[in-house]
Each structure stands twice: as structure tokens, then as C-alpha cells.
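# A closer look at the structure
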Amino acid sequence: MNTVINGPIMSIEFPEHLDTDFSDLLQTKAKDWLAANVELYAFNFNKTVSCKPTTYRFLLSVTQQIRKAGRGLVSHNLNFDLGQQFKMAGISDALNVTADFEAYLKKTTGSKKSGLDVQMINPFLEATLMTLEGQANTKCEAQKPQLINLDDKSRSDDIAIAGVISLNTEQFSGSITLAFPETVFLKIYESMCGEVVEKINEEIEDAAGELLNIIYGSAKTKLNEQCNYKLAPALPTILSGEKIKIRQTTYQKIIVLPFKTDFGLFRVEISFDP
């Protein structure tokens, strides 16, 4: 199966015969596809001339994984017989079959940008790396971005301090959250201020707010200049406590940017509603 990534779209060309070998390959390839930072998967059946019914459940399984990850899916270039076969089997809707792929893309890309746009992610990623190294003397390494499932917007983990800033523009509303486990941020604070602190206190909270302010300010400048989003200055809200539950209740898209340091992991969450 040939795959080509063009911006936010991954085009996947299916083989001539969809059979048992195809089903086995599909399960393996699906993991690689989902790891890619794309918004839309385009199944291209241009070469496909036959499809065994035993492959249906594997095709449906992949479509479910794609939708659970919050991505889009469209299928195109089906010949008449294959199109009729999928209709009779009741899987056309699941595969989102379209007769006019170009028209579908125009309709999709003509809508408002989603929060998964790479233009939105990269400025925050770059700002976090620069801020932690420049302001807190802490080198960190960006890990693979993660998309939180739309039905999994509340997580409990070892986060003990977090800063949140609301994002509001004509194009979208949302928030950016900077979240740390206690041991990680205490070490970062020590590296930042040269002071050993055993527990989170007001000074620690102020330091977290300062870092988030700098990250937001840097990313805001780039987004306003490059995308004309007109993000306004904003002050962070700081939360602290044992095992904070970070809950996203209104936003359609939630990207988690994990970062690795010598002290452990922390993360930035970016949430958006068009």
C-alpha cells in the first residue's frame, strides 16, 4: 500500500485485491498511519478490482480507530461494482465514500481551520523548548504529539501544578495548559532560581505562571504575525494540589505536547473550538 502525505492529508492507495494478506497488512500499517501528524486519511481504491467480505471487519476496525483519534476519513476512486458491493454490505457510510474527491477536499479545506493545524502546534512547541532552556536552564526534548480522544477529556495523573491561559480570537476559542508533576517542577525551579524547595508554595506557583506567560507570549507573537489570529495578552490561572485532574469540557480538539527533561516528563495541552 503506497502512502503519500501532502500537508494535512495522507493518501493511501489500496492494492488490486483486498484479501487475507491485505487484512493482515492493514492491521500493521494502521498503527503507522495513526502515528502521523495528519488530519485526513484518503483511501484510494483506484487500483482495487476485488474485495473479499472477510476484509470488511478489518476495514471497519481501522475507520473506528481513525475516528476515535479525532481524524477525518474519505474513500474515493471506487469502480462501479466495488461501490455497489460496499453499499450492499452497508459499509459505504463508515468508509465515507465520495464520488467527487476534489469537491470533497474543497468543501473540507474551505471550512474553518481545526485546532490540529500544524501552524498552531509548532509555535507553542518551539516556545516551550526555548523558554525552559533560556529561562529555567532546563534542556527538554519534545516527544510525539498526542491527540486526546474526544470521549476522554478528563485525566487523572501525577500532575501537581498547572497553569492555564484562555485563548480567544475571531477564528477559535480554546486554552493552553502547562502541567507538571511536583518532583519535576521542583527540580526545574531549583535549576531556574538556584533554590531547593521541598513543597509547592506561592513562589513556586508564581514561577510556573511566569514560564507559561513567556511561552504564551512567544507563541502569540508568531501566531499573530504568521496567521493573523489577533491573540490578546492574557494572564494565567495557576492550579496546584495533589494529583490535579485536568478536565477539558468544551473543546473539540485537544493536543498534548509531552516534553522530556532530565527530571522527568511534563506536558503542554492545546485545546481548540472553531
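Report follows, based on the coordinates. (Residues numbered from 1 in each chain as written. Predicted model: local features only at pLDDT ≥ 70, side-chain atom pairs only at ≥ 80, totals over all residues. Heavy atoms only, no water.)

### A short note on the overall build of the chain
The number of helices and strands found in the chain is 8 helices and 15 strands. With 274 residues in all, the chain has 45% of them scored as buried. Roughly 14300 Å² of accessible area belongs to the chain as shown, and the carbon and sulfur atoms make up 48% of that amount. (Helix = DSSP H or I, 4+ residues; strand = E, 2+ residues; numbered from the N terminus. Buried < 20%, exposed > 50% of the residue type's maximum accessible area, 1.4 Å probe, protein only. Areas by Shrake-Rupley, 256 points an atom, 1.4 Å probe, with all protein chains shown as cover.)

### Some points on the pairing of strand E14 (residues 253–261)
When you tally the buried positions in E14, you get 8 out of 9 residues, the bulk of the element. As paired elements, strand E7 (residues 141–142) and E14 share 2 bridges and run antiparallel to each other. Note that in E14 the partner of glutamate 141 across the bridge is lysine 260. Where strand E8 (residues 146–147) lies against E14, 2 bridges are found, and the strand directions are antiparallel. If you follow glutamine 146 over to E14, its bridge partner there is valine 256. Summarising the sheet, E14 and strand E15 (residues 264–273) pair through 9 bridges and their orientation is antiparallel. Bridged to lysine 260 within E15 is leucine 265. Connecting E14 to the antiparallel partner E15 that follows it, the hairpin turn spans 2 residues. (Pairing = 2+ DSSP bridges.)

### Examining the packing of aromatic side chains
Evaluation of the coordinates by the stated rule reveals 9 aromatic pairs. Seen from their ring centres, phenylalanine 180 and phenylalanine 185 are 4.7 Å apart, and the 50° between their planes marks the pair as tilted. (Phe/Tyr/Trp six-rings, centres within 6.5 Å; stacked < 30°, edge-to-face > 60°.)

### Considering a negative patch on the surface
On the surface, Glu195, Glu202, Glu203, Asp206 and Glu210 cluster together into a negatively charged patch. When you line up the elements, aspartate 206 lands in helix H8 (residues 202–227). Overall, the relative accessible area of 56% leaves aspartate 206 in the exposed class. (Patch = residues over 30% accessible without salt bridge, like charges linked within 9 Å, V, L, I, M, F, W, Y side chains within 5 Å. Salt bridge = Lys/Arg side-chain N within 4 Å of Asp/Glu carboxyl O. Lys, Arg positive; Asp, Glu negative; His and termini not counted. Charge placed at Lys NZ, Arg CZ, Asp CG, Glu CD.)

### Section: the nonpolar core
Ranked by internal contacts, the top residues of the largest apolar core, which has 43 residues, are Phe124, Leu167, Ile176, Phe185 and Leu257. Contributing elements (two or more residues each) for this core: helix H6 (118–136), strand E10 (159–168), strand E11 (173–181), helix H7 (182–193), H8, E14 and E15. The leading source of residues in this core is H8, at 10 residues. If sequence neighbours within four positions are ignored, phenylalanine 185 has contacts with Ile161, Phe180, Ile204, Ala207, Ala208 and Leu211. (Core = buried A, V, L, I, M, F, W, Y, C linked by side-chain atoms within 4.5 Å. Contact = heavy atoms within 4.5 Å.)

### Description of the sheet that holds strand E1 (residues 2–6)
The strand order across the open sheet built from 4 strands is E1-E2-E4-E6, with neighbouring strands paired in mixed fashion. Pairing within the sheet leaves two strands with one partner each, and these edge strands are E1 and strand E6 (72–76). Taking each pair of neighbouring strands and ignoring which way they run, the sheet shows an average axis angle of 20°. Here strand E4 (residues 40–44) runs beside E6; their pairing, made up of 5 bridges, is parallel. Across the sheet, the residue bridging to alanine 42 is valine 74, located in E6. Packing against the sheet, helix H1 (residues 20–35) makes contact with E1, strand E2 (9–13) and E4, and its axis sits at approximately 145° to E4. (Axes fitted to C-alpha atoms, helices over the stretch in contact; angles between N-to-C directions.)

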